[in-house]
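Close look at the chain arrangement
What follows is the residue order along each chain.
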Number of protein chains: 2
Amino acid sequence: MSTDFAATRALFSLPEGVIYLDGNSLGPLPRAAAERVRACVEDEWGGMLITAWNQAGWIDLPRRLGDRIGRLIGAEPGAVVLGDTLSIKVYQALASALELRPERRVILSDTGNFPSDLYMADGLVRTLGDSYELRTVAPEAVEDAITPDIAVLMLTEVDYRTGRKHDMRRLIAKAHDAGALVVWDLAHSAGAIEVDVAGTDADFAVGCTYKYLNSGPGGPAFIYIAPRLAPQVRPALSGWLGHEAPFAFDLDYRPSAGIDRMRVGTPPVLQMAALEASMDIWDRVEMADVRARSIELSQAFIDGVEAACPTLKLASPRDAEARGSQVSFRHPEGYAIMQALIARGVIGDFRAPDILRFGFTPLYTTMEDVRAAVVALNGILERADWDREEYKTRAKVT
Amino acid sequence: MSTDFAATRALFSLPEGVIYLDGNSLGPLPRAAAERVRACVEDEWGGMLITAWNQAGWIDLPRRLGDRIGRLIGAEPGAVVLGDTLSIKVYQALASALELRPERRVILSDTGNFPSDLYMADGLVRTLGDSYELRTVAPEAVEDAITPDIAVLMLTEVDYRTGRKHDMRRLIAKAHDAGALVVWDLAHSAGAIEVDVAGTDADFAVGCTYKYLNSGPGGPAFIYIAPRLAPQVRPALSGWLGHEAPFAFDLDYRPSAGIDRMRVGTPPVLQMAALEASMDIWDRVEMADVRARSIELSQAFIDGVEAACPTLKLASPRDAEARGSQVSFRHPEGYAIMQALIARGVIGDFRAPDILRFGFTPLYTTMEDVRAAVVALNGILERADWDREEYKTRAKVT
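Residues numbered from 1 in each chain as written. Chains lettered and ligands numbered in written order. Predicted model: local features only at pLDDT ≥ 70, side-chain atom pairs only at ≥ 80, totals over all residues. Heavy atoms only, no water.

Where an unreviewed UniProt entry is consulted, chain A appears under the name Kynureninase, with the organism given as Albidovulum aquaemixtae. In its Sequence similarities (unreviewed entry) section, UniProt records this for chain A: "Belongs to the kynureninase family." In its Subunit (unreviewed entry) section, UniProt records this for chain A: "Homodimer." (UniProt positions renumbered as here; feature names shortened; annotations may be inferred.)

The structure is reproduced here in structure tokens:
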């Protein structure tokens, strides 16, 4: 293993006494991000003002950072660009894919997808009109549902609740055989598992950066388009920074040459500065090592919880190859248990109706963290102190 | 005048020796933003991790900041929300407005609009299909072009090149008489001139925060919908944070009660932290004072330049009431002149083909700045040192 995880852990700022198993929701702060953001705010924005767009290279950040993320997902250079939010990128990819299959009208997805992806597809279908359809099936029924009327298969590879992982290589091949395109949501894949968008012949891929990629709250999303397709895509969200000459201020839109046409408006520079600091860590990491270590950590957690906490039922696939980088357990009182766990400094999260969710992120999670989390969970369940009123209050959970 | 502009100026970090007349493009750094962003990065993201969404109130920032911006544009409380970029907000407003006028097919705009607004409208029209049309006329021809086939009138109040200002009150009334809705782009209005979206019976308004509102590079946009219309709007970009119960993770989209339905994905928290610091300044300011002072500064600049630099031709309306908060001059060698001016520490910007653009922002621009800018401009034109090769190189201009 060439990646030194003790070294990467030292590059994160983790609060004393906290075991953080929610990096699949919001990654922690890379130590260098504090200084990088400070420099962006004070030296660049404060010191260079408008000239920083060129002098500090802000204008090119969405492409430069896109290439660094691209390495982690097996993308060709110049095929990934940053911007907006994941929901917007889903809309862009879907609209583009539908336009490339003008004779077809169906988006196929599954009920394990992020609700937001389904909502965005629903909004697009409504905008396009009555002849379009969003068809959702159970995750295990997707393969058989790829029929010749499908224009686009839209899937999130890793289920955000259970960690169940689709076999994207097989599904992409099946979709292509049926003449469909694929929009692949990598929100729980990028930085979590090995992804090979070029090698699997993916069409479109989108993802966010604030989970496993540690860009901070509200960091921008990314989008990949296969270079063979990008020149054919005419963006639905045709903003000025996707224009081939944004600063010519022409009245007519002409898309830029490649993936840049997926840029829309002015990108969030402070958020990208934080992401730069995170990518300095990711540049040192091999995804094969991350995956191997993630499986070790996840397996140790499953073994520990099943031995110590028999009332928790595994909600994730037992086969590591069928899982992403998270492990979920079910319990009817899952919400209260998670609140009690967080109160003891072990941060996971809860997803309705009954799922306790734990993310394993080798860059900063150790085997000692896993053992301590099991002990804490066992302590709560044994003493039933999760049953106290203070833990049962319903509150917003993010 | 109740606003103390000497006090507000002291709250900005302006580089020594720089006269900044480009706050209409990127506002300068509020001193407190450095600390506010630091606290957001280190104490909230670093210290609270995922729990900061509730503990630090991140989840409500788009609405809380929306209301503070709302005061500056005459909006009702609860009618403005932050998020995404201006181009995305234009798309949302346009798509919503078209859907409220299902029998009509035409978006009317003008050739003085931001190209990006026209590009977004073009993308939407293409997505909706052949029966829709984006019709553009010259700015002075807009009023007569408001015919009964217009579904939506989409205008940027202040022309980004010349500062020419539309009479929105009259145009809104005319549009309503013709049964059309209005999407009003406030990019060069919010924080620049007095705006009264409620009092003018506006339907939709959108704007960005990184210009006059000083939120920093890539700060989020905002959107206003008249409370009488918001409940009828079904969002085209229907993301999870616009859902009435985002954390229920339902498979079906149900828009939230009011303006929150215009939220899409996870908002950029670091950018909003910077905006919070800026709004602490704006909260102390009356827009009537800003407008009065802006006119004084602009008039002094026009008088000074016309007296000292006869080769520069005023491109902005001479009547202050017909102008926004910027003044533009034309010169065939405008690009080289602006580069020479920037090299002397007076930062304005250039817009093709021949426009030198200067923004007047009373929060931090003084009459001394105006005089010094005139002297610098005169010095360059008198000595013709703008004619040197180094200033004539074509480069990216933002």
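Section: the overall build of chain A
Counting its regular elements, chain A contains 13 helices and 15 strands. In terms of C-alpha radius of gyration, chain A reaches 22 Å, essentially the compact-globule figure of 21 Å for 398 residues. Based on the C-alpha atoms only, the size of chain A along its principal axes is roughly 70 × 55 × 40 Å. Each of the 398 residues in chain A was classed as buried or not, and the buried ones make up 66%. In chain A, 72% of the contacts between residues at least 6 apart in sequence involve partners at least 24 apart. Total accessible area computed for chain A in this model is approximately 12,900 Å², and 50% of it derives from carbon and sulfur atoms. Of note, chain A has its 42 positive side-chain charges centred 2 Å away from the centre of its 55 negative side-chain charges. (Helix = DSSP H or I, 4+ residues; strand = E, 2+ residues; numbered from the N terminus. Rg over C-alpha atoms; globule rule 2.2 N^0.38 Å. Buried < 20%, exposed > 50% of the residue type's maximum accessible area, 1.4 Å probe, protein only. Contact = heavy atoms within 4.5 Å. Areas by Shrake-Rupley, 256 points an atom, 1.4 Å probe, with all protein chains shown as cover. Lys, Arg positive; Asp, Glu negative; His and termini not counted. Charge placed at Lys NZ, Arg CZ, Asp CG, Glu CD.)

Focus: the nonpolar core
In this structure, V197 and F204 of chain A together with V197 and F204 of chain B are the most contacted members of the largest nonpolar core, which totals 242 residues. In contact with V197 of chain A, other than residues within four places in its own chain, are I73, G74, A75, W184, L186, A202, A205 and Y224 of chain A. (Core = buried A, V, L, I, M, F, W, Y, C linked by side-chain atoms within 4.5 Å.)

Some details on the side chain of D117 of chain A
Residue and element names in this part refer to chain A. Mapped onto the secondary structure, D117 falls in helix α6 (residues 115-128). One buried charged side chain, D117, makes no salt bridge at all; its nearest oppositely charged neighbour is K211, positioned 9.8 Å away. Beyond its immediate sequence surroundings of up to four residues, D117 is in contact with V90, M154, T156 and D185. (Salt bridge = Lys/Arg side-chain N within 4 Å of Asp/Glu carboxyl O.)

Regarding the UniProt feature "binding site: pyridoxal 5'-phosphate" (unreviewed entry) in chain A
As annotated in UniProt, the feature "binding site: pyridoxal 5'-phosphate" (unreviewed entry) corresponds to L86, S87, F114, P115, S116, D117, T156, D185, H188, Y210, W240 and T266 of chain A in the numbering used here. Across 181 residues in sequence, these annotated residues place their C-alpha atoms as far as 30.0 Å from one another, rather than forming a single compact spot. Residue placement: S116 of chain A occurs in helix α6. Classification of S116 of chain A by relative accessible area gives buried; the value is 9%. If we skip the residues at most four places from it in the chain, S116 of chain A touches S87 of chain A together with S238, G239 and W240 of chain B. With a relative accessible area of 3%, D117 of chain A lands in the buried category.

Focus: the packing of aromatic side chains
Applying the stated criterion across every chain yields a total of 25 aromatic pairs over all chains. Between F301 of chain B and F329 of chain B, the aromatic rings sit 6.0 Å apart at their centres with planes inclined by 65°, giving edge-to-face as the arrangement. A residue pair is termed long-range when its members are at least 10 positions apart, and F301 of chain B in helix α10 (residues 287-308) and F329 of chain B in strand β12 (residues 326-330) qualify at 28 residues. As far as the burial class goes, F301 of chain B and F329 of chain B line up, both buried. Ring plane angle 55° and centroid distance 4.8 Å describe the contact between F301 of chain B and F358 of chain B, whose orientation is recorded as tilted. Here the residue F301 of chain B occupies a position in helix α10, and F358 of chain B occupies one in strand β15 (residues 355-359), the gap between them amounting to 57 residues. Of the two residues, F301 of chain B and F358 of chain B, neither departs from the other in class, the shared state being buried. The structure contains a cluster of three or more aromatic residues connected by ring pairs, namely F114 and Y160 of chain A together with W240, F247 and F249 of chain B. (Phe/Tyr/Trp six-rings, centres within 6.5 Å; stacked < 30°, edge-to-face > 60°.)

Regarding the relation of the copies chain B and chain A
In screw terms, the move from chain B to chain A is a rotation of 180° and a rise of 0.0 Å along the axis, fitting with an RMSD of 0.0 Å. Interpreted geometrically, this transformation is the action of a two-fold axis. Considering only C-alpha atoms, the residue of chain B closest to the rotation axis is L128 of chain B, which sits at 2.8 Å. A share of 100% of interface residues in chain B that are also interface residues in chain A marks the association as one of identical surfaces. (Least-squares fit on C-alpha atoms with pLDDT ≥ 70 in both.)

Side note on the UniProt feature "modified residue: N6-(pyridoxal phosphate)lysine" (unreviewed entry) in chain A
All names here are of chain A. The feature "modified residue: N6-(pyridoxal phosphate)lysine" (unreviewed entry), as annotated in UniProt, sits at K211 in this numbering. Locating K211 in the fold gives a position in the loop between β9 (204-208) and β10 (221-225). By relative accessible area, which is 9% here, K211 ends up buried. In contact with K211, not counting residues within four places along its chain, are G23, N24, S25, L26, G27, A187 and H188.

Things to note about the interface of chain B and chain A
Listed as interface residues are 79 residues of chain B and, on the opposing side, 79 residues of chain A. Buried surface at the junction of chain B and chain A, both sides included, amounts to about 6,900 Å², of which 68% is carbon and sulfur. Considering only the side of chain B, the residues that lose the most area to chain A are W45, I50 and Y119 of chain B, jointly responsible for 12% of the buried surface there. Linking chain B to chain A there are four salt bridges. A salt bridge links R234 of chain A to D122 of chain B; the nearest nitrogen and oxygen atoms lie 3.2 Å apart. Remark: the boundary between chain B and chain A carries 30 residue pairs in polar contact (both at pLDDT 80 or more). Elements with a contribution of two residues or more to the side of chain B that touches chain A: β3 (29-30), α2 (31-48), α3 (52-55), α5 (86-100), α6 (115-128) and α9 (269-282) of chain B. Top contributing element to the side of chain B that touches chain A by residue count: α6 of chain B, with 11 residues. Grouping the amino acids of the side of chain B that touches chain A by side-chain chemistry returns 44 nonpolar, 23 polar and 12 charged. (Buried area = accessible area lost by both parts, 1.4 Å probe. Polar contact = N/O pair within 3.5 Å; in protein donor to acceptor, adjacent residues only side chain to side chain. Nonpolar A, V, L, I, M, F, W, Y, C, P; charged D, E, K, R; others polar.)

Details of the sheet that holds strand β12 (residues 326-330) of chain A
All names here are of chain A. With respect to topology, four strands assemble into an open sheet ordered β11-β12-β15-β14, the strand pairing being antiparallel. Strand pairing shows two members of the sheet lacking a second neighbour, β11 (313-314) and β14 (349-351), which therefore form its edges. Relative to β12, β11 is paired through two bridges, and the arrangement is antiparallel. Note that in β12 the partner of K313 across the bridge is R330. (Pairing = 2+ DSSP bridges.)

Here's the deal with the pattern of salt bridges
It is possible for side chains of opposite charge to pair when their charged atoms get near one another. For the structure shown, the criterion picks out 56 salt bridges over all chains. One salt bridge in this structure joins R63 of chain B and D260 of chain B, with 2.8 Å as the shortest N-O distance. In this pair, R63 of chain B sits in helix α4 (residues 61-72) while D260 of chain B sits in the loop between β10 (221-225) and α9, placing the two residues 197 residues apart along the sequence. Here the salt bridges do not stand alone but share partners, grouping E35, R38, E42 and D43 of chain A into one network.

Details of the pairing of strand β6 (residues 133-137) of chain B
Regular strands place their side chains on alternate faces of the sheet. All names here are of chain B. In this sheet, β6 lies alongside strand β5 (residues 106-110) in parallel orientation, the contact comprising five bridges. Within the sheet, the bridge partner assigned to D110 lies in β6 and is V137. Between the parallel elements β5 and β6, the chain passes through α6 in a crossover that is right-handed. (Right-handed = clockwise from strand over helix to strand, strands pointing away.)

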